[in-house]
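Analysis of the macromolecular model
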Amino acid sequence: MAAAATMAAAARELVLRAGASDMEEEEGPLGSGPGLQEPLQLGELDITSDEFILDEVDVHIQANLEDELVKEALKTGVDLRHYSKQVELELQQIEQKSIRDYIQESENIASLHNQITACDAVLERMEQMLGAFQSDLSSISSEIRTLQEQSGAMNIRLRNRQVAGLAWLTLLTTWVSWLQVIKCLPETDEAILEAPVTEPRFLEQLQELDAKAAAVREQEARGTAACADVRGVLDRLRVKAVTKIREFILQKIYSFRKPMTNYQIPQTALLKYRFFYQFLLGNERATAKEMRDEYVETLSKIYVSYYRSYLGRLMKVQYEEVAEKDDLMGVEDTAKKGFFSKPSLRSRNTIFTLGTRGSVISPTELEAPILVPHTAQRGDQRYPFEALFRSQHYALLDNSCREYLFICEFFVVSGPAAHDLFHAVMGRTLTMTLKHLESYLADCYDAIAVFLCIHIVLRFRNIAAKRDVPALDRYWEQVLALLWPRFELILEMNVQSVRSTDPQRLGGLDTRPHYITRRYAEFSSALVSINQTIPNERTMQLLGQLQVEVENFVLRVAAEFSSRKEQLVFLINNYDMMLGVLMERAADDSKEVESFQQLLNARTQEFIEELLSPPFGGLVAFVKEAESLIERGQAERLRGEEARVTQLIRGFGSSWKSSVESLSQDVMRSFTNFRNGTSIIQGALTQLIQLYHRFHRVLSQPQLRALPARAELINIHHLMVELKKHKPNF
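What comes next is a walk through the structure. Since we're looking at a predicted model, the values are computed, not measured. (Residues numbered from 1 in each chain as written. Predicted model: local features only at pLDDT ≥ 70, side-chain atom pairs only at ≥ 80, totals over all residues. Heavy atoms only, no water.)

Between helix 18 (residues 537-558) and helix 20 (residues 591-631), the shortest axis-to-axis distance is 11 Å and the interhelical angle comes to 20°. The angle between helix 18 and helix 20 falls in the class roughly parallel. Judged by the twist between their axes, the crossing of helix 18 over helix 20 is right-handed. Residues Met540, Leu543, Gln547, Glu551 and Leu555 of helix 18 pack against Glu592, Ser595, Phe596, Leu599 and Arg603 of helix 20. (Axes fitted to C-alpha atoms, helices over the stretch in contact; angles between N-to-C directions. Helix = DSSP H or I, 4+ residues; strand = E, 2+ residues; numbered from the N terminus. Parallel < 35°, antiparallel > 145°, perpendicular 65-115°, else oblique. Left-handed = near helix turned anticlockwise from the far one by under 90°. Contact = heavy atoms within 4.5 Å.)

Below, the structure written as structure tokens:
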């Protein structure tokens, strides 16, 4: 820093001296004379002026001294004059090098210049083309505006001509139709006044009259004065036509009231002349309402009378023996009744059996012809309630569908209006049918019949939907609202009867299937097979409750036997019977089948163990103990069992044939189902072979391998051959 300060002071002194010498040269001797010149104007460079401030020089010098290169030069003691010459020399070398590079690339630069020149020419041509295109677009835009103006003017002219043409066409059509009305009036007058209503000519002229009356009404609405000329004639013809049509329709309606009349024939005739009612509806609404009310009143009475009579006669061909409140699943067959009580069913089991009753919901039987009561009475035929229910409701379904379609077509109604008119005709009949069903169900205890009726209703509802007759939807819901609660009540009564059954009151017990379990098997299989067609979760829940109570009942009855073997025989017989009945009607993967299959397998395995215990119990116990010791690594303890093993080997060899024979006979005596007994014997023999094979493996241990009694062991293959001889064949 000291050196820098010294250099700054020297530079300042040099500047001052230079300024003083310059001043002496300019002024000359005495500051004036012939050589006097004009003073030099240096402006900001005039350091002799008063504005020159030496402090600013110090600031600039100090700023330059802060430069990194200057600092480095001062530190190394570089001579600045020499350094500046070196820099100048380097710049000259760089300049010469640049010139040589430029000369080497001169051809490329010239080529680039030519390319740039060519591009400028191409761009210039593009500019000219775009300019021409812009001018073309300007001319097209002006042409489009001209076309739009012309199109708007043409549209205005076209609309004006259309309005004028439409007015002329309307006027011309009006006059033509008016001329036709006047021209055809004599022919229409003759047909309406003289021709019978059943002739085609009357119907044709009635349609002409309706069209003419509509045309006149339209012209009157427009204020045409000429309408008054034909109004009198048209009114006279309209009154005459209405009178004749009224008489004809009333005659057809009154024909419904004749006894033994097939009312479908008059309905078909009315449909043929359905335009008559349309004419009344358009020209004489009061008469049309009168005809409709007369039809509703007549048909309503006819349907009520017909169905009341049919129901009364139909119930006379029902089975005389029907289920009563005491005919429940858990009621004992030996139960005594009072002196004045009615005799029960000959066989209470029949009300829990489906038999052929399920055919009533088959496609062929469901839409079969209805039952004719007097024919059935002459043939002394009787039917269950579900067959009567099917016949009654199939007649109701068929007539209701036909009536609904007739109403929609003849009275020209649809939607809610058709629904209301249908119920005006059939409402009393439907109400009477519901009351009859409600009265019957109050004393009905046949769950299968009620369940079949439910499925009949479900199928009839689908048929009505396919026929596009929604008017019966509410009736089907009302019928189901009566049937479902009654079915659930009967099912719950059966559940309660099984739950409250006391096994000690059932009299003498044996190991054969119990009649209550047989009732359950038949009843459950019947409901499951019916429910599979249109599944219902509520039914499965109720059947699940009944199944639980039946399983508990079987366990309660089994507990009455003294020995475990008898208990197992009873359980297996009952489970096998219920499983067999269910598999005949229900699907193999149903919940009931799976449940009883698991129970049967578990009890069968336990019975086999119980069966093998008396003759081979010692062998079973030893094998289990030895396998446990081997598994725990205590096989050395088997050395003290030689005497026991010897006794087991000799005892098995001497008695296994007689034991197997006795076992087979015992099984065949115990089980009513021979197939089930055969399966149990096979299971027992298989388990015996497995047991003896395990005994062989235990004796192959080093601790027992040297036992002399091993020579008396029966060969396992020989044992299998001998046991096959005891396999029963059926």
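Note that Leu299 resides in helix 10 (residues 285-314). A relative accessible area of 0% means that Leu299 is categorised as buried. Once the C-alpha coordinates of Leu299 and Tyr263 are considered, the two residues, 36 residues apart in sequence, prove to be 9.0 Å apart. Apart from residues lying up to four places away in sequence, Leu299 is in contact with Phe256, Tyr263, Glu403 and Val425. (Buried < 20%, exposed > 50% of the residue type's maximum accessible area, 1.4 Å probe, protein only.)

All right, on to the nonpolar core then. Phe276, Leu483, Phe487 and Phe695 are the most contacted members of the largest nonpolar core, which has 166 residues in total. Of all hydrophobic cores here, the second largest spans eight residues; its members include Tyr310, Val317, Ala376 and Leu388. (Core = buried A, V, L, I, M, F, W, Y, C linked by side-chain atoms within 4.5 Å.)

A few words on unusual backbone geometry. At Asp380, a residue that is not glycine, the phi angle is positive and equals roughly 55°. Within the secondary structure, Asp380 sits in the loop between helix 12 (373-378) and helix 13 (385-410). A positive phi is found at Val412, a non-glycine position, where the angle reads about 55°. Look at Val412 and you get partly exposed, because its relative accessible area is 45%.

A separate point is empty space enclosed by the protein. To find leftover empty space, a probe the size of one water molecule is rolled over the atoms. This structure, assessed with the given rule, holds one cavity of 30 Å³ or more. The volume enclosed by the largest cavity comes to roughly 50 Å³. In the lining of the largest cavity, the residues fall into six nonpolar, one polar and two charged. (1 Å grid on protein atoms, 1.4 Å probe; cavity = no way out; pocket = protein on both sides within 12 Å on 5 of 7 lines; lining within 4 Å. Points joined across faces, edges and corners; volume = space filled by probe spheres on them. Nonpolar A, V, L, I, M, F, W, Y, C, P; charged D, E, K, R; others polar.)

Right, let's get into the pattern of salt bridges. All told, the structure shown has 23 salt bridges when counted by the stated rule. Between Arg357 and Asp446 there is a salt bridge, with its nearest N and O atoms 2.8 Å apart. In this pair, Arg357 is assigned in the loop between helix 10 and helix 11 (363-366) and Asp446 in the loop between helix 14 (416-441) and helix 15 (447-466), connecting sequence segments 89 residues apart. Of the two residues, Arg357 and Asp446, neither departs from the other in class, the shared state being buried. (Salt bridge = Lys/Arg side-chain N within 4 Å of Asp/Glu carboxyl O.)

Moving on, we get to helix 14. Quick reminder: α-helices carry 3.6 residues per turn. Residues three or four places apart thus point the same way. Between the first and last C-alpha of helix 14 there are merely 32 Å, a value that for 26 residues lags more than 12% behind the 38 Å anticipated at 1.5 Å per step. A bend of about 60° at Met426 is the largest found in helix 14. (Expected span 1.5 Å × (residues − 1). Bend = angle between axes of the 7 residues up to and from the residue.)

Worth remembering: the numbers are spatial, not functional.
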